[in-house]
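Chain residues, written in single-letter form:
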Amino acid sequence: MSEPLSPTSIDLDRALAAAGTPAASFARLWQSLWVAPYVSAELLELCRLTLARLHRDAAELGAPNPHLDAGTPGAARRAAVLGGIVHRTDGFSGAERAVLQFAECYGLDAQRIPDETADAVKASLGEAGLVFLIEALGCLDGRIRTARCLRDLGRSAAGVHA
Amino acid sequence: MSTARATAPSGTTGNPIRDSALARVPETLEEIIALNSAVWTRSLVSASLLEVLRLRNARTVNCVFCKAVRYEVAREDGLTEERASMVDANYEGSALSPREKLAVALADAYLGFPAGMSPELAARLQREFTPEQLASMFVALMTFNFTSRTAVSIGGMPEGPLPVTVLPRAATSG
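Parameters and conventions
- Residue positions are given per chain, counting from 1 as you read along its sequence in written order.
- Starting at A for chains and at 1 for ligands, labels are handed out in the order in which the entities are written.
- Only residues with pLDDT of at least 70 are given local features in this predicted model, and only at 80 or more are side-chain atom pairs given and counted; all residues enter the totals for whole chains, interfaces and linings.
- Side-chain calculation: all heavy atoms of the structure are included, whereas hydrogens and water are not.
- Any two residues having at least one pair of non-hydrogen atoms within 4.5 Å are treated as being in contact.
- Buried area is a sum: the accessible area each of two parts loses on coming together, probed at 1.4 Å, counted once for each and added.
- We define a salt bridge as a side-chain nitrogen of Lys or Arg found within 4 Å of a carboxyl oxygen belonging to Asp or Glu.
- We define a polar contact as two N or O atoms separated by no more than 3.5 Å, with the added condition that, inside protein, one atom must be a possible hydrogen donor and the other a possible acceptor, whereas residues neighbouring each other in sequence contribute only through side-chain atom pairs.
- Helix numbers and strand numbers start at the N terminus; a helix is a DSSP run of H or I with at least 4 residues, a strand a run of E with at least 2.
- Centres within 6.5 Å make a pair out of two Phe, Tyr or Trp rings, where for Trp the six-membered ring is used; the pair is then stacked when the planes are under 30 degrees apart, edge-to-face when over 60, and tilted otherwise.
- When accessible area is computed with a 1.4 Å probe and restricted to protein chains, residues below 20% of their type maximum are described as buried, those above 50% as exposed, and intermediate ones as partly exposed.

Student: When you look at the interface of chain B and chain A in this model, what are you seeing that I'm missing?
Tutor: Quoted interface sizes are often the accessible area lost when the parts come together. With 51 residues of chain B in contact, the opposing surface of chain A contributes 50 residues. For the pair chain B and chain A, the summed buried surface comes to about 4,300 Å²; carbon and sulfur atoms form 64% of the total. For chain B, the biggest contributors to the area lost against chain A are Arg5, Phe113 and Arg149 of chain B; these three give 18% of the whole. The shortest N-O distance in the salt bridge between arginine 149 of chain B and aspartate 141 of chain A comes to 2.5 Å. Where chain B packs against chain A, one counts 22 residue pairs in polar contact (both at pLDDT 80 or more). Going through the elements one at a time, helix H1 (26–42), helix H6 (98–111), helix H7 (119–128) and helix H8 (131–154) of chain B are the ones with two or more residues in the side of chain B that touches chain A.

Student: Got a minute to help me understand the packing of aromatic side chains in this structure?
Tutor: What characterises a pair of aromatic rings is the spacing of the ring centres plus the angle enclosed by the ring planes. Tallied over the entire structure, the rule returns five aromatic pairs over all chains. Between phenylalanine 26 of chain A and phenylalanine 146 of chain B the ring centres are 6.2 Å apart and the planes differ by 90°, which places this aromatic pair in the edge-to-face class. With phenylalanine 26 of chain A in helix H2 (residues 21–33) and phenylalanine 146 of chain B in helix H8, this pair bridges two chains. For the pair shown, phenylalanine 26 of chain A and phenylalanine 146 of chain B are each scored as buried. Between tryptophan 40 of chain B and phenylalanine 144 of chain B the ring centres are 5.7 Å apart and the planes differ by 40°, which places this aromatic pair in the tilted class. Here tryptophan 40 of chain B is found in helix H1, whereas its partner phenylalanine 144 of chain B is found in helix H8, with 104 residues between them in sequence. One exposure class covers both tryptophan 40 of chain B and phenylalanine 144 of chain B, and it is buried. The structure contains a cluster of three or more aromatic residues connected by ring pairs, namely Trp40, Tyr71 and Phe144 of chain B.

What follows is the structure, given as structure tokens:
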């Protein structure tokens, strides 16, 4: 791939553009997630960081997100997510805790999300919000996975082995 | 069968995505339908190769619905039920073609936790597929993976396997 050797979920679309129409459609879907009314862009970013932490993906964790203002999320909230301690950290609303707990469970095993975890999201975001969150997490996780694979392919093409 | 956490709005259109709980989110619904259609009609690899990717994902994610579906367009491209059954744990010794086996390996690299591939696999993929085809397969994998994981996360699936259902070509048109 001639495009970025080190793509992340954030800039993945440039690396996939050669795939044509399907890639353009996936890029539009990605963009739409950040402006949908169910989950704020900041909370979605915290979900991305949760999944990146589970993947132990340093490149992903270091990628700046252009969908957010500089300094958002704040350092304390970001640190709590990266440390996996949202549940015992002040500064998160009940809805945010519910969403981030759901993201954690989704990232570990989408088949084993406890009912009470899903119910808490549904109570905060409604049925449409729950479906949106599930879609968004799938896109986020898929993009993290693809970016990791593309980085491996890029290293191989460049003759660089980790 | 578990209880579904979200339900489809009433009414049926014949489009499996539009008739699912995904219709609860109008902000993403049309693009997801367009994406699924684009993957099946505008990808840069064959329909049979796409079906290999989709089935490997379905069996790994354990989506009962996705495992039961077959796309007519892939059958017409040569992925018979006999060949579809080879996309299993013993695929390496099966009669799948070398490209199909590499597609399974690509899916496994994507589906691993964490995702990633060995330098050896990366080199084999780059010898067999163009960069454009690899990009196309990743878009297809992301599409299959996020929709199947959406289905299992929403729940309401039967415990056991469902009979095989062939989705007609029209189902890929959006």
